[in-house]
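Topology and contacts: notes
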Amino acid sequence: MPDSHAAVPVVAIDGPAASGKGTIARQVAAALGYHYLDSGSLYRLVAHQALATGTDPGDGEALAALARAMVVRFDGDAIRLDGADVTEALRAEAVSAAASRVAVHPAVRSALLERQRGFRRLPGLVADGRDMGTVVFPDAAPKVFVTASAEERARRRRRQLAETGIDVNIQSLLRDIRERDERDASRSAAPLRPAVDAVILDTTNMAVEAAVAAVLALIAPARR
Ligand code: DC
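Here the structure is a predicted model, which is why all the values come from computation and not from measurement.

**A short note on the side chain of Asp-131**
Relative to the helices and strands, Asp-131 is located in the loop between strand 6 (125–129) and helix 6 (132–136). For Asp-131, the residues in contact, after removing those within four places along its chain, are Asp-14, Arg-109, Val-136 and Ala-190.

**Some words on the sheet that holds strand 7 (residues 143–147)**
Taking strand neighbours across the sheet as the criterion, the five strands line up as 2-6-1-7-8 in an open arrangement whose pairing is parallel. Looking along the sheet, the strands with just one partner apiece sit at the ends: strand 2 (35–38) and strand 8 (199–202). Averaged over all pairs of adjacent strands, the angle between strand axes in this sheet comes to 20°, irrespective of strand direction. Two elements, strand 2 and strand 6, share four bridges in a ladder whose sense is parallel. The partner of Leu-37 across the bridge, within strand 6, is Ala-127. Sheet strands in contact with helix 1 (residues 21–32) are strand 1 (10–14), strand 2, strand 6 and strand 7, and its direction is about 175° off that of strand 6.

**Some remarks on the pairing of strand 3 (residues 72–75)**
Taken together, the four bridges between strand 3 and strand 4 (residues 78–81) define a ladder with antiparallel strand orientation. By the bridge assignment, Asp-75 is partnered in strand 4 with Ala-78. Between strand 3 and strand 4, which pair antiparallel in sequence order, lie two residues; one of them, Gly-76, sits at a positive phi of approximately 65°.

**Thoughts on the side chain of Glu-152**
Looking at the element boundaries, Glu-152 is found in helix 7 (residues 150–163). Setting aside chain neighbours within four positions, we find Glu-152 in contact with Arg-159 and Thr-204.

**Remarks on the site of the ligand**
Residues in contact with the ligand amount to 16 residues; listed here are only the nearest, Arg-44, Arg-109, Arg-130, Asp-131 and Arg-187. Contact between the ligand and Arg-109: an oxygen atom at 2.8 Å from a side-chain N or O atom of the residue. Within the side chain of Arg-187, a nitrogen or oxygen atom sits 2.9 Å from an oxygen atom of the ligand. Burial of the ligand by the protein amounts to 97% of the accessible area it has alone, namely 440 Å². Going through the elements one at a time, helix 2 (39–53), helix 4 (93–102) and helix 8 (170–186) are the ones with two or more residues in the shell around the ligand. With four residues, the single largest contributor to the shell around the ligand is helix 2. Counted by class, the shell around the ligand contains four nonpolar, four polar and eight charged residues.

**Remarks on the environment of Thr-203**
Turning to its location among the elements, Thr-203 is positioned in the loop between strand 8 and helix 9 (208–216). For Thr-203, a relative accessible area of 2% corresponds to the buried category. In this structure, the C-alpha to C-alpha distance between Thr-203 and Asp-131, residues 72 residues apart in sequence, is 19 Å.

**A closer look at the nonpolar core**
The biggest cluster of nonpolar side chains holds 36 residues, and the ones touching the most others in it are Leu-37, Leu-45, Val-46, Leu-112 and Phe-137. Mapped onto this core, the elements with two or more residues apiece are strand 1, helix 2, helix 3 (60–69), strand 4, helix 4, helix 5 (106–117), strand 6 and helix 6. Apart from residues lying up to four places away in sequence, Val-46 is in contact with Leu-63, Leu-66, Ala-67, Met-70, Val-102, Val-108 and Leu-112. With 17 residues, the next largest nonpolar core counts Ile-13, Ala-25, Val-28 and Val-215 among its residues.

**Re the confidence of the model for the chain**
Per-residue confidence for the chain gives a mean pLDDT of 92; residues scoring 70 or more make up 96%. Element-level mean pLDDT values for the chain span from 89 in helix 8 up to 98 in helix 3.

**Considerations on helix 7**
If you check helix 7, its first and last C-alpha atoms are 20 Å apart, about what 14 residues at 1.5 Å a residue would give, namely 20 Å. All of the buried residues along helix 7 are Ala-150, Glu-152, Arg-153, Ala-154, Arg-156, Arg-157 and Leu-161. Buried positions along helix 7 lie against helix 4 and helix 8. Backbone geometry just after helix 7 places Gly-165 at a positive phi near 85°.

Definitions and cut-offs
- Residues numbered from 1 in each chain as written.
- Predicted model: local features only at pLDDT ≥ 70, side-chain atom pairs only at ≥ 80, totals over all residues.
- Heavy atoms only, no water.
- Helix = DSSP H or I, 4+ residues; strand = E, 2+ residues; numbered from the N terminus.
- Contact = heavy atoms within 4.5 Å.
- Pairing = 2+ DSSP bridges.
- Axes fitted to C-alpha atoms, helices over the stretch in contact; angles between N-to-C directions.
- Near = heavy atom within 4 Å.
- Polar contact = N/O pair within 3.5 Å; in protein donor to acceptor, adjacent residues only side chain to side chain.
- Areas by Shrake-Rupley, 256 points an atom, 1.4 Å probe, with all protein chains shown as cover.
- Nonpolar A, V, L, I, M, F, W, Y, C, P; charged D, E, K, R; others polar.
- Buried < 20%, exposed > 50% of the residue type's maximum accessible area, 1.4 Å probe, protein only.
- Core = buried A, V, L, I, M, F, W, Y, C linked by side-chain atoms within 4.5 Å.
- pLDDT = per-residue confidence, 0-100.
- Expected span 1.5 Å × (residues − 1).

What follows is the structure, encoded as structure tokens:
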């Protein structure tokens, strides 16, 4: 039986930028001993390639060709693109903004679809993104939609950046987050929205440990 078979459990964790879903998803994957897919990094990789090659961010077919050609290796927390470690480069604000632009193109999204589904391997997968529960793994269970207020997300992003020695004005972060939310939610291809069967987890006033526990509590005891 191929590993991609629906028998391999998937936990989908979707939500907006800086909602904490990445941290939560990684910890849930570690607790379950599952694989982890950070699907946003794939869009960031396409954006990185587009910036590096000067590809027009409006040209969906050219961007999709970049997406298909990328040789990517996930090595623990490190991401290698064509052999080079791009982990840090992918977190740059310019890449974040470009990722949300390349992600609007249906051609890019379909170029990344099978690559994402390829992560579905035994004993299971925790998939983190925007459309894990709605498009990529519609049979995932549970589906969790992690959210937090835009202000709290801007504060979290600021703290994250400060840890790497980057000092960014909170107002400009808040503006970027709102712009990105708007673009991610209003695009016609796989817009950011909770699946109808998703559980909404608002982490505005919730510590990471409590959020992880809340997600694990949604998983059948036999799988925990
Ligand atoms: O989760 P992130 O911030 O790394 O995602 C970067 C961008 O990629 C985000 O603005 C929207 C896009 N994205 C997407 O469209 N679909 C996904 N499943 C994951 C990310």
